[in-house]
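Given next are the chains, with one letter for each unit.
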Amino acid sequence: MKLVMILILILSVLGFFGWFFCYQKSLTKQGQRKKDLRYYESVPTRYMIDMNPVSLEEIQKKDPSFEVSYFLFVIFCMFRHIQQAWSNNQSELIQHMIGDSLKEPYQKALKSFIAQGQRNMIYDITPVESRLISFSYDATREEAVVLLTVICYDYLVAVSSQRVIAGSTEHKMMITYLLTVERKLPIKKEEGILCDHCGQMILTPHTIRCPYCNNELVPNIDWILTGKEILASREVE
Ligand SMILES: [Zn+2]
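Rules used in this analysis
- Residues numbered from 1 in each chain as written.
- Predicted model: local features only at pLDDT ≥ 70, side-chain atom pairs only at ≥ 80, totals over all residues.
- Helix = DSSP H or I, 4+ residues; strand = E, 2+ residues; numbered from the N terminus.
- Buried ≥ 20, exposed ≤ 12 C-beta atoms within 10 Å, placed from the backbone.
- Contact = placed C-beta atoms within 7 Å.
- Core = buried A, V, L, I, M, F, W, Y, C linked by C-beta atoms within 7 Å.
- pLDDT = per-residue confidence, 0-100.
- Expected span 1.5 Å × (residues − 1).

What about the overall build of the chain?
For step 1, the next point in the chain: Secondary structure summary: the chain contains 6 helices and 9 strands in total.
For step 2, the next point in the chain: Buried positions account for 14% of the 237 residues belonging to the chain.
For step 3, the next point in the chain: Within the chain, contacts between residues separated by at least 24 positions form 63% of all contacts whose residues are at least 6 apart in sequence.

A look at the nonpolar core
For step 1, the next point in the chain: Formed by 23 residues in total, the largest nonpolar core has its most connected members in Ile-75, Ile-82, Val-146, Leu-148, Leu-179 and Val-181.
For step 2, the next point in the chain: Per element, the largest residue contribution to this core is 7 residues, and it comes from helix α4 (residues 68–87).
For step 3, the next point in the chain: Ignoring anything within four residues of it in the chain, the contact list for Leu-148 reads Phe-76, Phe-79, Ser-130, Tyr-177 and Leu-179.

Side note on the confidence of the model for the chain
For step 1, the next point in the chain: When pLDDT is averaged across the chain, the result is 88; 86% of the residues are at 70 or more.
For step 2, the next point in the chain: For residues 20–33, every residue scores under 50 in pLDDT, and the model assigns this stretch 0 contacts once sequence neighbours within four places are set aside.

A closer look at helix α6 (residues 100–115)
For step 1, the next point in the chain: For α6, with 16 residues, the first-to-last C-alpha span of 23 Å sits near the 22 Å given by 1.5 Å per residue.
For step 2, the next point in the chain: The first or second residue beyond α6 is Gly-117, which carries a positive phi of 65 degrees.

Below you can see the structure in the form of structure tokens.
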């Protein structure tokens, strides 16, 4: 009789924990499911100073150089640099553009590409849409989360035979990324941008195209990538 009681007790304890863990698991799953592409497409931009919600104007009082559309352009340029370096297996170049948490996985993946004689070809990267999800400022750094959609070629190829291992050389991909970026403060004073087409020095801030020759200017990038997640990806054209 005693034995049966103990057995029932053990079973009910196990049952409770089983239920408890399943419940916890379903909670995290729901929590994650909320933050899909649709969530990021509609959520209002959050601005924070020292973790407290503020307005964009208050951010600009702290950082007068901050302007949303130019910032998004700079982040796209940063992203394109990284993708190009990745595509060229330029591990060293990438190290300067990414945060510590990404360094190991990036290096590992590139090493494996090189060892297997492969290249992840990514080119013709054009922006489709970008959206600022959050921007936070504190005493030492700025951090932002950006939703970026691009169209580009993206496939894996064997270098020697040019055989395509994965992806397509005929169809471009439309990919939506959730990017986390940061930069250390204080910000270096912007000295202007040299147009690499006509050689003029452009001193007006937030200029995307050269006013003399209409060439797209390469911005000074002091942001690094600290997080990258693919939220959606499909073939186009
Ligand atoms: Zn120019």
